[in-house]
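Structural characterization, general
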Amino acid sequence: MTEELSKVYEPKEIERFAEKIWESGNYFHTEPPAKGGRNSTAYTIVIPPPNVTGALHMGHAIDNTLQDVLIRFKRMQGFNTLWMPGTDHAGIATQSVVEKNLKAKTGKTRHDVGREKLVEMIWEWKEQYGNRILGQLKRIGASCDWQRTRFTLDQMCAKAVRHTFVNLFKKGLIYRGKRLVNWDSVLQTAVADDEVVHKTIKGNFWYIKYPLDDGSGFVTIATTRPETMLGDTAVAVNPKDKRAKSLIGKRLQLPLTGRVISIIGDDYVKLGEGTGFLKVTPAHDPNDYEIGLRHKLEMINILTPDGKINENGGKFAGMDRYAARKAIVAELESLGLIEKIEPREHEVGHSDRSGDIIEPYLSDQWFVKVGPLAKNAIEAVESGKVKFHPERYGKSYLDWLYGIRDWCISRQLWWGHRIPIWYCGNCEHINTGIDDPTECEKCKSKDLKQDPDVLDTWFSSALWPHSTLGWPEQTEELKFYYPTNTLVTARDIITLWVSRMVMMGLENMGQVPFSDVFIHPTILDGNGERMSKSKGNGIDPLDIIDTYGADAMRFSLCQMTTESQDLKLPVTKDEHGKNISEKFDIGRNFCNKVWNASRFSMMNLEGLNYDAFDAAKLHITDKWILSRLAQTVNEVTTKLDSFEVSEPLMAIYRFFWNDLCDWYVEWIKPRIKDASQKDAPQNVLAFVLDYTLRMLHPFIPFITEGIYQKLNEVAPKRGLKGITNNQGTNSNNEITKKQETNSNAEALIIAQWPKGLDKFIDAKTESEITTVQETVRAIREIRNKYTVAPSKKLAASANAPADTAKILNDNADLICDRANLEKFSASPEMAKPENAAASVIEQTQIFVEGLIDAQAELKRLGKQRDEIMAGVKGNESKLSNANFISRAKPEVVEQTKQRLAELKEQLAVIENNIAALKNSH
RNA sequence: GGGCGGUUAGCUCAGUUGGCUAGAGCGCCUGCCUUACAAGCAGGAUGUCACAGGUUCAAGUCCUGUACUGCCCACCA
C-alpha cells in the first residue's frame, strides 16, 4: 500500500491491510470515561451471541453486518461505542451435538463417560468452535471489542445467573412443581413450549371400543395415540350429550389392562367432536391433565424417560412407545375392539433440537412465575421505552407476553448453569445461595445434595445485556454502558430472547436493556425456504467473502435490507463447489468502482496544495458536486438514525457513481491537468472523496480504510481552506479523541462523520447543471440513434428561452466535453439548420447537425410525439374535470396547467419538425 | 384455529405523508477496449403494479373481499 493503488482491486489484500491498521490502533476497544456515569456519549450494542454449536451462516452475516454499520456510524459520530461480543453455550444444542459425536466415534453414550467427563468434552468443543465463530465475525469486519468477549457460561455470566436465580427464588418467583412438561425422549429432558415445533404429520385416528363393566355394550373413543390408553383413568363425555345421563357414573373395562375406569361428565368434551367420548390420560395429555385435576383422577405415568413403556404398561413394559402402539393396535384388533381406522393429518409437537416427537410427561421441574415480570415487559413496550423497528414487530412481542405461561427453566442436562439448589438429607428444607452452602440453613445438617438439573439456556441469555457488563457488581462499565442502545436481530427470537431480556433487565437493573430493537429481514434460499443445517441450504459467509470480498458481501446485504420481512438469496455452486450468487455482483461492482475512482483521484492529486485553495475560484461543477455531497450527507445521516439501511446506502451509491464519477470526475479532467486551474478541482476532489469514504465506511469498511490511508499519504493536508472548519472531537472517548487533528484522521474508522455541510447546498447551481445534463443526454441519444462513432465530433445548437440559453452558453464547454461536440451555442432565435436532427426538452430544441437520415428522424420524432401526446391527453382530461379544479389542491392544479402548456408547446415544435421533414421529401 | 407479511420489468427487489410519463441492480438489445474502471462507458427495449369491488378530483399507495404464497403463535381427542 505504499505504492500507488494497484491496478486491480484485490479484496483479500485490502482486508488484511485494514485489519492491521485497526488492530494496531486498538480502535475496537473502549473504556468508560474516567469521570464515570451513563451519559449521552455512550452507544452500546450487545451481540446476539451465536451458538457455539456450529458455523455462522448468512443470517449471522446480515445480523452482524448491520450491527457493525450502526457501531461504526456511531463511533464516527464521536460516541463512546461499545460492541460487546460473545457466544452462547446453547445447552441442549451443544450437548446433543457432542453426544452424537461421541456416539459416532466411540459408540458410547453420556452415561458411559459420566457427567464430569462429558462436560469436559463439551468445553473442548466450545474452545474449537467458539473460536471459529469469532474468526468468522472478524472476517466479516465486525468491530467488536474483542477484549471483552464473553461466553454465557463463563465466570462473569455464571455469577449473574446465580444472583438472579437466588433473588427470584427468595421473592417466590421461582418454584418447583410436578407438572406436565414437554419431554424429549432422545435428549431425556424437559423443553420449553417454544422449543417445540409443530409439524403436520400423517397418522391415524383409531376408534377403540371400551366395554361397559356390566356387559351392556361399549363406548367408542377415538385417539391418535392408542398406546396412551395404558394410562387412561377415565372416559369423559359432555354432560349435555344425549347419551350422558345414562352413562355418567358407569364403569368401563379398560382393554388390555383389566383396569376398571369410570365415565365422567366434563364440559371440555366438545359435542360432535370425534365419537363424543374422550379417553382421559392425565399423565400424558395437557387437557386430560386439567380434567384429571378437576375430577381428582389417578395420574398414571406409563413412560420411561427414554420413551419406553414403563412397568405400568403391563406386558408392553420395556417396548418403545411406537412399537407398543403397533402391538396394542394389533392386539385390540384381534380382540375385535377396533371399530375403524381413519387416516388423519394432525399437528404433532417435535423437539426443536432432537427432532423427536415430544411427549407430555409428568415430572418435577423448576418454573419461573412470569406474570409479574411479563407485566413490566409489556409496559416497557406499550409506553415506548422500548421501540421496535419496523413497528409491527412490537405486536408479536406483546401478543406473546399477554398469553404467557410459567416458564419451565430446568433441563435434565449436564451442559449449562447448574441449578443453585441443595436438598437437605435430614429435613425437607430447600437451600439456595449465591455461594455453595455447606450446611442446611434450617437443621445445620451437612448432608446437602445439589439439584442435578441445569437451567434453560435462555435463562442466561436473558441476562446478557447486563451480565456481560459485570452485574451484579456495580462496575464502571455497567454504569456507563447500560442500558444499551440497540438490539439487532431477526424476528424469530423476539419472543424467546428479546422479551426475556426486557423482563430480566427490568427485574435486575430496574431499567430496560435497550431502547430500540432493530428487526432485519430473514435470509431464505432461492426457493423461499429458511436456511438450516438439516436442509443443507445454508451458505457460509466465507464462501461469499472468498469470491466477492467482505465489503462486497456487506454492501449487498445492506442494499437488500429494507423493511420487507424476507430476503430470497438464490445461489449456485461455482467450479470449486463454493456458493455464489449474482446478488453480490452489485457490491463487487461498486467496490471496484470505488477502487478505480480512488485510483484516478490519487493519480491526479499529486502536488495538491491546500493553501492555494481559493473559494472565490470555485467552478460551477465544484459548487455542484459540493451541493450534491451536502444533500447526500443529510439524507444518509437522517435515514441511518431511523434504522433505514438500503436507502442511505443507495443514496451514496447514486451520488458516488452517477454524480461524482459520471459527471464531476469527467468534467474536471481538463482543469486538473492545467496548472493554472488545478487548485480548486484538486482540493474539491480530495475533499469530496474523503467525505464519501467516511459515509461509505460503515457499510464497506475495509476498502474505504485502505483508500483513506493512501489518501492520507497523497494529500495529508486537505479540506477547503476558509470554508470547512477542521472538525475537532465531540467525545469523551480516549480513542475518538484521536480524531482528526487537522482535517483528516489517522484512520478512517475514527474519522468524524460528515456534518455541517449545509452551506454548500445550492439549488440554483443544481438546477443549472441538471439543464446541462439533460442537454448532453439529448445529444447523446441522437448520436446513438444515428450510430455516430463515439470519437466523431459533431456540431450542435439550441433554440431556447433567453435564461436557458444563457445557462447553456455559459456552460457550452461542459456540454461539448460530455457530448463530444466541436461547438455548441444557444439562443432564442436559433433556427434549425438544414440536415439537423432535433430533440425537444422543456422549452428547448436541440439541434445536432449533419445527420440527414429523414426516415430515422421521422421514426424518432414520431415516438417522441406519441409520448408527449399521452402526457397532453392525461393533463387535459384532468383539467376538463370540474371536480379536479375545485377540489384538488391549488398548487396541484397550477402545476398541471403549466405542465400542459409546456407539453403543448413541445408537441407543436415536434409536429413542425415532422411536417418540415415530410415536405423536404 | 388466531396473528403478521408478501404478490410491481425475464430474475431479485425499491417505491416515505395518495399527485408530473412507476424505479434500481442483474439479465437482454445497439454502439464503444475513449489513459481510473469491459467488474467499465454511452444509449435502448421491457409493467393490466395478483384479482374484484369501494373511497377520492386523483389509488401501486387508503378501505373491503377473493386467490395464491411465506412466517409466527396455538393443548383440540
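Here we summarise the structure given alongside this text. Sequence positions are assigned chain by chain, starting from 1 and proceeding in written order. Here the convention is simple: chains get letters from A, ligands get numbers from 1, in the order in which they are written. For this predicted model, a pLDDT threshold of at least 70 governs which residues receive local features, and a threshold of 80 or more governs which side-chain atom pairs are given and counted, while totals over whole chains, interfaces and linings are taken from all residues. Here the side-chain values reflect all heavy atoms present in the structure, with hydrogen atoms and water set aside.

1. Quick look at the overall build of chain A
- Strands here mean DSSP runs of E at least two residues long; helices mean DSSP runs of H or I at least four residues long; both are numbered from the N terminus. Broken down by element type, chain A carries 28 helices and 31 strands.
- Both definitions apply: the radius of gyration is a C-alpha atom measure, and the globule rule equals 2.2 Å times residues to the power 0.38. For chain A, the C-alpha radius of gyration of 37 Å lies well beyond 29 Å, the compact-globule estimate for 921 residues.
- Each principal axis of the C-alpha atoms in chain A carries an extent, and together these give about 115 × 70 × 60 Å.
- Across the 921 residues that make up chain A, the buried fraction comes to 57%.
- The accessible surface values rely on the Shrake-Rupley method and a 1.4 Å probe; as for residues, cover is taken only from the protein chains in view. Counting only carbon and sulfur atoms, one obtains 49% of the accessible surface of chain A, whose full area is about 39,600 Å².
- In this count, Lys and Arg are taken as positive residues and Asp and Glu as negative ones, while His and the chain termini are left out. For this purpose, a charge sits on NZ of Lys, CZ of Arg, CG of Asp or CD of Glu. Of the charged side chains in chain A, 120 are positive and 124 negative, and the gap between their average positions amounts to 2 Å. For the exposure calls, accessible area comes from a 1.4 Å probe over protein chains only, and a residue counts as buried if that area is under 20% of its type's maximum, exposed if over 50%, partly exposed in between.

2. Some points on the protein's contact with RNA strand B
- For each residue, the test is whether any non-hydrogen atom lies within 4 Å of the molecule or strand; if one does, the residue is near. As a structural note, the neighbourhood of RNA strand B is formed by 60 residues, with Asn287, Lys583, Asn592, Trp657 and Arg887 the closest of them.
- A share of 58% is what sugar and phosphate atoms reach among the atoms of RNA strand B within 4 Å of the protein.
- N or O atoms within 3.5 Å of each other form a polar contact, as long as, within protein, one can give a hydrogen and the other can take it, and as long as residues adjacent in sequence are counted only when both atoms are side-chain atoms. Between RNA strand B and Asn592, the relevant distance is 2.5 Å, taken from a sugar or linking oxygen to a side-chain nitrogen or oxygen of the residue.
- Residues are grouped as follows: nonpolar covers Ala, Val, Leu, Ile, Met, Phe, Trp, Tyr, Cys and Pro; charged covers Asp, Glu, Lys and Arg; every other residue, Gly included, is treated as polar. A class-by-class count of the residues in the surface near RNA strand B yields 16 nonpolar, 14 polar and 30 charged.

3. Focus on the packing of helix α20 (residues 646-672) against helix α25 (residues 812-819)
- Contact geometry of α20 with α25 gives a least axis separation of 10 Å together with a crossing angle of 105°. When the interaxial angle is binned, α20 and α25 end up roughly perpendicular. Where α20 approaches α25, its residues Asp662, Trp663, Glu666, Trp667 and Pro670 are matched on the opposing element by Leu814, Asp817 and Arg818. Every axis in this analysis is a line fitted to C-alpha atoms, fitted for helices over the stretch in contact. Angles between the N-to-C directions lie between 0 and 180 degrees. Working definition: roughly parallel below 35 degrees, roughly antiparallel above 145 degrees, roughly perpendicular at 65 to 115 degrees, and oblique for all remaining angles. Residues are treated as being in contact if the distance between any of their heavy atoms lies within 4.5 Å.

4. Side note on the packing of aromatic side chains
- We call Phe, Tyr and Trp rings a pair once their centres come within 6.5 Å, taking the six-membered ring for Trp, and we label the pair stacked below 30 degrees between planes, edge-to-face above 60, and tilted otherwise. Taken as a whole and judged by the stated rule, the model has 31 aromatic pairs.
- Residues Phe165 and Phe169 carry aromatic rings whose centres are separated by 6.4 Å and whose planes lie at 10° to one another, so their mutual orientation is stacked. With Phe165 and Phe169 both in helix α6 (residues 155-170) and four residues apart, the pair spans about one turn of that helix.
- Take Phe165: its relative accessible area is 0%, and that puts it in the buried class.
- Considering the side-chain rings of Tyr175 and Phe367, the 5.5 Å spacing of their centres and the 20° angle between planes classify their relative orientation as stacked.

5. Things to note about the sheet that holds strand β19 (residues 430-432)
- One requirement defines pairing of two strands: DSSP has to find at least two bridges between them. Taken in spatial order, the three strands make up an open sheet running β19-β18-β20, and their pairing is antiparallel. The open sheet is flanked by β19 and β20 (448-450), the only strands paired with a single partner. Averaged over all neighbouring strand pairs, the angle between strand axes comes to 35°, with direction disregarded.
- Its contacts with the sheet put α6 on β18 (421-424) and β19, and the angle it makes with β19 is roughly 140°.

6. Observations regarding helix α11 (residues 393-402)
- Looking at α11, one finds that the buried residues are Tyr393, Gly394, Tyr397, Leu398 and Leu401. Buried residues of α11, viewed axially, fall in a sector of 140°; they line one side. Those residues of α11 that are exposed and angled more than 90 degrees off the buried face are Lys395 and Tyr402.
- On its buried face, α11 is in contact with α10 (371-382), β15 (387-389), α15 (494-509) and β23 (514-520). This arc is built from the directions going out from the helix axis to the C-beta atoms.

7. Regarding the nonpolar core
- Counting 201 residues, the largest nonpolar core has Met58, Tyr397, Phe459 and Phe824 as its most contacted members.
- The dominant element in this core, judged by the number of residues it contributes, is α20, at 15 residues.
- Buried Ala, Val, Leu, Ile, Met, Phe, Trp, Tyr and Cys residues form a nonpolar core when they are joined through side-chain atoms within 4.5 Å. Membership of the second largest hydrophobic core comes to 34 residues, among which are Val219, Phe316, Ala324 and Cys408.

8. Quick look at the pairing of strand β1 (residues 42-46)
- Judged by how many residues are buried, β1 sits mostly within the fold: five of five residues are covered.
- Of the two faces of β1, the one lined by Ala42, Thr44 and Val46 and the one lined by Tyr43 and Ile45 are each fully buried.
- Taken together, the five bridges between β1 and strand β2 (residues 80-84) define a ladder with parallel strand orientation. Looking across to β2, one finds that Ile45 is bridged to Trp83.
- Once the chain exits β1 it traverses helix α2 (residues 58-76) before rejoining the sheet at β2, and the crossover so formed is right-handed. Every crossover in which the path from the first strand over the helix to the second runs clockwise, viewed with the strands pointing away from the viewer, is termed right-handed.

9. A few points about the pairing of strand β5 (residues 174-184)
- For β5 and strand β14 (residues 359-368), the ladder comprises 10 bridges, and the chain directions are antiparallel. Opposite Tyr175, over in β14, you have Phe367 as the bridge partner.
- Sheet topology places β5 next to strand β6 (residues 189-191); three bridges connect them, and they run antiparallel. Across the sheet, residue Asp184 finds its bridge partner in β6, namely Thr189.
- Once β5 ends, the chain turns through four residues before running back antiparallel as β6, passing Gln188 with a positive phi of about 55°.

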